[in-house]
Each structure stands twice: as structure tokens, then as C-alpha cells.
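Coordinates in review
Each chain, letter by letter, is given below.
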Amino acid sequence: MKLGILSRSIRCYSTRRLREAAIQRGHKVKVLDTLKFAIDLKPAEPDLFFRGKHLSEYDAVLPRIGASITQFGTAVVRQFEQMDIFTTNSSAGISNSRDKLRSLQILSRHQIGIPETTFVRDKRDVLPAIERVGGAPVIIKLLEGTQGIGVLLAESVKAAEAIVELLQSQKQNVLIQKFVAESKGKDIRAFVVGDQVVGAMRRVAQGQEFRSNVHRGGVTEPVDLPEEYRDAAIRTTQIMGLRVAGVDMLEGKDGPQIMEVNSSPGLEGIEHCLQLDIAGSIIDYIAAQVDFPEIDLRQRLTVSRGYGVAEIHVPEGSEFVDKTIQASGLREKDINALTLYRGSSVIPNPRADRVLMAGDRLLCFGKLELMRGLIPKKTRRIRKPKVRDLPDLPVAHEAMTNDPEAAQ
């Protein structure tokens, strides 16, 4: 296998370990500076140049995209995806994980534990927002902070107001998050590779510091994760569109609370803590997956006119309740069920004899017109609105009179 590691820091521990692990296993590997790429776009020929020369053939790419170059870095990863080269993390997954608000928004539609969080811009909304997350103390976070930077603990409502007002005056976007008291000063980092947690450690803050990041002086200890925590970490990684990730979790009284997902997790802390070859597990996973490049499902499945992907809900009283997928008649309507969501369970490629229950959600591919007819009227969206003539209304009348001054 010929592997490219996208990294600007050839001397950092993580990059050196990944390169070392690949060489140890007999693979060809090269560290590629992400900013030295040029992206060429031609009809049916997505291409890349590196340091002014046409990029040679690679079997797989392992992106280590720093926060400061997210936009260009994800564009490079996206180009590799269009060239059908396997990437450990998708460009969309990296973008999703880099923005704390976006990642929590994505997780919030799934049955994944997350701390109650709110995002406001108007000063008048700050107090109600603090109350909605349970009142002070609260955690205030910058949207794109890393290594504990931009994470503040406000002990009182007045302190929270002052901090939010100050940060907003500096054009910073902030989140207000519930303080999980039982996890003060500690969290868990689960390292996910593919569909398994290959290692986990607990990070514990020292002294008066509430942030447990190793870069803030936190100490680490190995931890044997309960199944509930392992499942949460793996599902979170998959939902975010990642294959390799560090998932940070709080140990809440109601179970795991996902704080953050890191698409370029550092290896030094966890390898030192666990004395396990985490870098090697990543390389082994890549070698086993090179024939399965990331596919943009919606991009590929919606190129046929009239076909697309949609989610069909099975509400109480639906004609599908207590019927098997085969008996539902979906296949006869040229609709294929790709995945069945039932509560917190995800059932890929459900069998034809699977019985549907109230509350199920089916991710389907098929004819959009037929799937649209299965959506209840209250939730149905108008996908092809009819374009009508301008109505005879005051504002529209300005356009009809062709009076430039009136239309300004």
C-alpha cells in the first residue's frame, strides 16, 4: 500500500508515529504538506498537483488537518474523494467536527447523550439561555477552540453575562453549555478506529483547573470503558462521517455525555498512557479498507432524474405498522430500504422479513414522487413550487411599473 499522510508538522509525534508504523508494516508512506497542493478541476477529471508536479498514485490518504487550515485542508481531502482514493476521514466529517455548534446540531437529532447547549447572538437572549441549560454555573465555549483554549467556567449568572458580552464584542461566537457537576475536572477520551474503540483514557484536571486537557496540565489514567460508553463513542464517530476520531465524553449521572469529536486526535498522550500501538491500529485499518473509498451517497444516488434519498417515518396508526418490509409494498413501488432506525438502534440493510413498528424511520432510495406520497400531509414539503405571475400587491407593484426609483 502507498499511503499519503496529510500533515504540516512532519516533526510532531503523531505524524512520526504514523509514518513509523506504516514503514514497520512494509508500506510505502510519504508525508505531504497540505498547503503544497494545487486542485485542478476539469470535466470528469478531478486532479491534484503537489509542489508543482502531477501527484503520483496513492492507495490511501490519512488527513491530519489543523484547525488553522480547515477550509483548504478539507478541499484537498474532498478532491481525493472525487478521485476515488480512500481517506480515513471524509471532508464533510472533518468540517462537521471542527465546528462545535455544527457537531452538536448533528448529534442532537440522534439518541446520543450531549450536554444541554444553547447558541445566542442577541444580548437579551443570554439570561433566558442560561436558565434553559439549568442556570449557573455554566460552561462558555468558543465555537472553534482546541486543546481547552476558549473554554471558560462561569460560576454565576453575572459572570456568564459579562464573559458572553465580552466575547461577542470581539466578534466571537460562543456556546452556553450546561455544567455537568459530577464530571468536574475529568473526562474520557475514547480513541475510535473504524467500528471499535482501540483505547480509552480518563483525563483528570489538577489543582483549581476545571479543564482536563493534557495541554492544560491534566494527568491521564487508563480506563476500561463500559459497553454504553463504547457504543456512544462509535455511533458518534459514524454519525459525524469519521473513521478515526478522538471522542471526548463526560461521565454524567445519566450516562455518557458527548462533549467534542476530534478528527485529528493526537497520539502521544494516549499511547503514553496505555502503552498500546494506536498508530499501528490506524495503519492496519487503512490497509484493510483501501478498496472501499468514501462515497458521497447523496451525490451518487441522486444523479438519476426523479430518484433520490428520503427518510420515511412510520407513525402510530400507519398502514405499515406490524407489516414486514416485504409486505409493505415498498419494493413494488421501486423503493429500497437502506437503513432502519428504531430508537437508538441502527439496522443497516434490513431484511425483507423485518416487521415494522410505530416510531420506526426508514432511510430509503427510490422514486421521489412515490416516496413523497408516503409522507404524512402535515410534514410534507412542497418540493416543486409552481411559479406564478407577480401578484397585484404594493411591493410587487413596484417591479411591475418598471420604476427604478420605486424599486430601490
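Residues numbered from 1 in each chain as written. Predicted model: local features only at pLDDT ≥ 70, side-chain atom pairs only at ≥ 80, totals over all residues. Heavy atoms only, no water.

1. Here we look at the confidence of the model for the chain
Mean pLDDT over the chain stands at 86; residues scoring 70 or higher make up 88%. Predicted confidence in the chain is weakest over helix α13 (residues 404–407), with a mean pLDDT of 51, and strongest over strand β1 (residues 2–6), with 98. (pLDDT = per-residue confidence, 0-100. Helix = DSSP H or I, 4+ residues; strand = E, 2+ residues; numbered from the N terminus.)

2. A look at the environment of Asp187
Positionally, Asp187 belongs in strand β12 (residues 186–193). The class of Asp187 is buried, set by a relative accessible area of 3%. For the pair Asp187 and Val204, spaced 17 residues apart in sequence, the C-alpha to C-alpha distance is 6.8 Å. (Buried < 20%, exposed > 50% of the residue type's maximum accessible area, 1.4 Å probe, protein only.)

3. What to know about the sheet that holds strand β19 (residues 345–348)
As summarised here, the arrangement of the four strands in space is β17-β20-β18-β19, forming an open sheet in which the pairing is antiparallel. Two strands close off the open sheet at either side, each with one partner strand: β17 (307–313) and β19. Put simply, the sheet's adjacent strands are angled 20 degrees from each other on average, direction ignored. In the sheet, strand β18 (residues 335–342) pairs with strand β20 (residues 361–367) via six bridges, with the strands oriented antiparallel. The partner of Asn336 across the bridge, within β20, is Phe365. (Pairing = 2+ DSSP bridges. Axes fitted to C-alpha atoms, helices over the stretch in contact; angles between N-to-C directions.)

4. Let's talk about the nonpolar core
Grouped together as the largest cluster of nonpolar side chains are 24 residues, with contacts concentrated most on Leu3, Leu18, Phe191 and Ile282. Of all the secondary structure elements, the ones that give two or more residues to this core are β1, α1 (13–24), β2 (28–32), β6 (60–63), β12, α8 (268–274) and α9 (278–289). Here this core gets six residues from one element, more than from any other, and that element is α9. Excluding residues that lie within four positions of it along the chain, Leu3 makes contacts with Ala22, Lys28, Val29, Lys30, Tyr58, Ala60, Val61, Leu62, Ile283 and Ile286. Counting residues in hydrophobic clusters, the runner-up holds 20 residues, among them Ile188, Val192, Leu242 and Ile258. (Core = buried A, V, L, I, M, F, W, Y, C linked by side-chain atoms within 4.5 Å. Contact = heavy atoms within 4.5 Å.)

5. Let's talk about unusual backbone geometry
Following Ala136, the chain continues to Pro137 via a peptide bond in cis, the omega torsion being 0 degrees. For Pro137, the position within the fold is in the loop between α5 (126–132) and β9 (138–142). One non-glycine residue, Arg51, adopts positive backbone phi at about 50 degrees. Judged by its relative accessible area of 55%, Arg51 is exposed. Residue Asp334 is not a glycine yet carries a positive backbone phi of 65 degrees.

6. A word on a positive patch on the surface
Positive charge collects at one region of the surface, where Lys30, Lys36, Arg51 and Lys53 lie side by side. Structurally, the position occupied by Lys30 is in strand β2. We classify Lys30 as partly exposed; its relative accessible area is 43%. (Patch = residues over 30% accessible without salt bridge, like charges linked within 9 Å, V, L, I, M, F, W, Y side chains within 5 Å. Areas by Shrake-Rupley, 256 points an atom, 1.4 Å probe, with all protein chains shown as cover. Salt bridge = Lys/Arg side-chain N within 4 Å of Asp/Glu carboxyl O. Lys, Arg positive; Asp, Glu negative; His and termini not counted. Charge placed at Lys NZ, Arg CZ, Asp CG, Glu CD.)

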